[in-house]
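Examining the three-dimensional arrangement
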Amino acid sequence: MAYISTEWKGTEYFPIHDFHHVEYFVGNAKQAVHFYRSAFGFEPHAYCGPETGEREKVSYVLKKNKQFFVFTTPLSSNHRGSNWLKNHGDGIYDIAFSVDCDKTAYDSCLSRGAKGVIEPELIKDNKGEYGRSSIETYGDTIHSFIHDANYKGVWAPGFEPLRLSRIPNQDTALIAIDHIVGNVEEGKMDEWREFYETIFGFTTFVRFDESDISTQYSALKSIVVRSKNWKVKMPINEPANGIKKSQIEEYLDFNEGPGVQHVAILTNDIIKSITALRANGVDFLDVPDTYYDDLEERVGPIDEDMEKLKQLKILVDRDEEGYLLQLFTKPLEDRPTLFIEIIQRKGSRGFGQGNFQALFESIEREQALRGNL
Ligand code: FE2
């Protein structure tokens, strides 16, 4: 049964201020960048590659208000990203956090059993100093700790401003990363909850299982861990038994293991955001018209025009604290793995649990079309 607790029971071993950025490995960053700009309205921010003296890879940093997405393509088969791409296809490999000191964060995590990936390094150039370290998390995903408060250059040492020709698009009004969800293997969800509680000192906020979310065919279990200041919220899903293959299993098969399932992006005006995203050509999961038949009964009075929500197919969910509006894109790549959620919060700190049922039915229709159900 569902469990929700807004109480802080964690230990803040070191402050994690917020998500700093996400970094993707992609086969062709030049084209991925075009897509995230034209579809999601990101703006060019910084770049490193052969032109700036980097021989091994190219990285493009895109910005939209308070969020940064980095797209990295290895330039040879020797780069670790090439093997990553062979296994997983395009996807997010680094969920990076803002911290006061990358070394303190790294040492603290390792002292409680984390495995290091990149040792703390303070890089200095004429723009200041920049610290970074990284540890392992689920699958081949990592968490980097970034300390750039004393760095005045663009992004990080080695980067230059990214200048690209203008792309016509509508303003998507997307503000910041709200939460990032990982899919892990059956039976592993609690191990990863423990990891976040032990290593980061996070607290468990929400827990639900197949008795809360299931359809005739498939089900999932989910748990949400969070940082003390609520800025970092990380749901973790695992498949639960159904008659047919669950969407989490489909993800695990195509991603060849655990990884990031979706990034939720916050907006203060979801009607504006979804209108713009649809005009920019983003495909969203289909929501059956019947979803809106009893919506008012389920969620009570809301500020938005119901007809407008139905027309844009925006989902609504309510809990004791308030309500939220949300919608999920279709997978952004040919492997049915990563997608993006757009979310607007009106008091609710939840994740739309009440919508999962309606949504699952929609996801399964898509899955059946791919012959994976
Ligand atoms: Fe979500």
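Each value, and the rule that gives it
Residues numbered from 1 in each chain as written. Predicted model: local features only at pLDDT ≥ 70, side-chain atom pairs only at ≥ 80, totals over all residues. Heavy atoms only, no water. Helix = DSSP H or I, 4+ residues; strand = E, 2+ residues; numbered from the N terminus. Rg over C-alpha atoms; globule rule 2.2 N^0.38 Å. Buried < 20%, exposed > 50% of the residue type's maximum accessible area, 1.4 Å probe, protein only. Contact = heavy atoms within 4.5 Å. Areas by Shrake-Rupley, 256 points an atom, 1.4 Å probe, with all protein chains shown as cover. Salt bridge = Lys/Arg side-chain N within 4 Å of Asp/Glu carboxyl O. Phe/Tyr/Trp six-rings, centres within 6.5 Å; stacked < 30°, edge-to-face > 60°. Lys NZ or Arg CZ within 6 Å of the ring centre and 35° of its normal. Pairing = 2+ DSSP bridges. Axes fitted to C-alpha atoms, helices over the stretch in contact; angles between N-to-C directions. Domains from an automatic or database assignment. Buried area = accessible area lost by both parts, 1.4 Å probe. Polar contact = N/O pair within 3.5 Å; in protein donor to acceptor, adjacent residues only side chain to side chain. Donors = N, O, S within 2.8 Å, 3.2 Å for Na, K, Ca; no water.

**Some remarks on the overall build of the chain**
Along the backbone of the chain there are nine helices and 18 strands. Here the C-alpha atoms of the chain give a radius of gyration of 20 Å, agreeing with the 21 Å that 2.2 N^0.38 yields for 373 residues. Dimensions of the chain, computed from the C-alpha atoms along their principal axes, are close to 60 × 50 × 40 Å. Taking all 373 residues of the chain together, the buried fraction comes to 56%. Sequence separation of 24 or more characterises 69% of the internal contacts of the chain that already satisfy a separation of 6 or more. As presented, the chain carries roughly 15900 Å² of accessible surface, and 46% of it is formed by carbon and sulfur atoms.

**Looking at the pattern of salt bridges**
Evaluation of the coordinates by the stated rule reveals 17 salt bridges. Where lysine 103 meets aspartate 107, a salt bridge forms, and the shortest distance between an N and an O atom there is 2.7 Å. Of this pair, lysine 103 and aspartate 107 both sit in helix α3 (residues 102-111), four residues apart, roughly one helical turn. Two residues, aspartate 190 and arginine 193, come together in a salt bridge whose shortest N-O distance is 2.7 Å. With aspartate 190 and arginine 193 both in helix α4 (residues 189-199) and three residues apart, this pair spans about one turn of that helix. Through salt bridges with shared partners, one network takes in Glu43, Lys64, Asp171 and Lys272.

**Regarding the packing of aromatic side chains**
Any pair of aromatic rings gets described here by the distance separating the centres and the angle formed by the planes. Enumeration over the complete set of coordinates arrives at 31 aromatic pairs. Seen in terms of ring centroids, tryptophan 84 and tyrosine 93 are 6.3 Å apart; in terms of plane orientation they differ by 70°. Their pairing is edge-to-face. Just as tryptophan 84 is buried, tyrosine 93 falls in that class too. Through a chain of ring-to-ring contacts, the aromatic side chains of Phe14, Phe19, Phe97, Tyr138, Phe145, Trp192, Phe195, Tyr196, Phe200 and Phe202 assemble into a single cluster. Across from the ring centre of tyrosine 13, 3.4 Å away, lies the NZ or CZ of arginine 112, which sits over that ring. The ring of tryptophan 230 carries the charged tip of arginine 226 above its face, separated from the ring centre by 3.6 Å.

**Describing the sheet that holds strand β17 (residues 322-328)**
The nine strands are arranged β1-β12-β13-β14-β11-β15-β18-β17-β16 in an open sheet whose pairing can be described as mixed. Two strands in the sheet have a free side with no partner beyond their single neighbour: β1 (3-4) and β16 (315-319). Taken together, the eight bridges between strand β13 (residues 219-226) and strand β14 (residues 233-240) define a ladder with antiparallel strand orientation. Residue valine 224 lies in a different strand from β14, and its bridge partner there is proline 235. In this fold helix α5 (residues 247-255) packs onto β11 (174-183), β13, β14 and β15 (259-267), with an angle of close to 115° to the strand it touches most, β15. Packed on one face of the sheet, helix α6 (residues 270-279) meets β11, β15, β17 and β18 (339-346) and runs near 160° to β18.

**What to know about the domain arrangement of the chain**
For the chain, the assigned domains read domain 1 (16-161) and domain 2 (171-370). Distance between the C-alpha centres of domain 1 and domain 2: 25 Å. At the interface, 40 residues of domain 1 touch 43 residues of domain 2. Together, Phe19, Phe40 and Tyr138 form the three largest contributors to the area buried by domain 1 at its contact with domain 2, with a combined 24%. Inspection of the region where domain 1 meets domain 2 yields one salt bridge. Measuring nitrogen to oxygen at the nearest pair gives 2.8 Å for the salt bridge that ties aspartate 171 to lysine 64. Summed over the shared surface of domain 1 and domain 2, the number is 16 residue pairs in polar contact (both at pLDDT 80 or more). Mapped onto the side of domain 1 that touches domain 2, the elements with two or more residues apiece are β2 (16-25), α1 (29-40), β5 (67-74), α2 (80-88), β6 (91-99), β8 (128-136) and β9 (142-147). Here the side of domain 1 that touches domain 2 gets six residues from one element, more than from any other, and that element is β2.

**A look at the side chain of glutamate 304**
Inspection of the secondary structure puts glutamate 304 in the loop between α7 (295-299) and α8 (306-312). Of the residues examined, glutamate 304 reaches a relative accessible area of 12% and is grouped as buried. Of the polar contacts made by the side chain of glutamate 304, one reaches the side chain of tyrosine 323; its length is 2.9 Å. Ignoring any residue separated from it by four or fewer positions in sequence, one finds glutamate 304 in contact with Ile271, Leu309, Tyr323, Leu325 and Lys346.

**Considering the coordination of the iron ion**
The iron ion binds to the protein through His179 (NE2), His262 (NE2) and Glu341 (OE), with metal-donor distances spanning 2.0 to 2.2 Å. Mapped onto the polypeptide sequence, the residues donating to the iron ion form the spacing pattern H-x82-H-x78-E. Of this pair, histidine 179 sits in strand β11 while histidine 262 sits in strand β15; the two residues are 83 residues apart in sequence, bridging distant segments of the chain. Its relative accessible area of 1% is what places histidine 179 among the buried residues.

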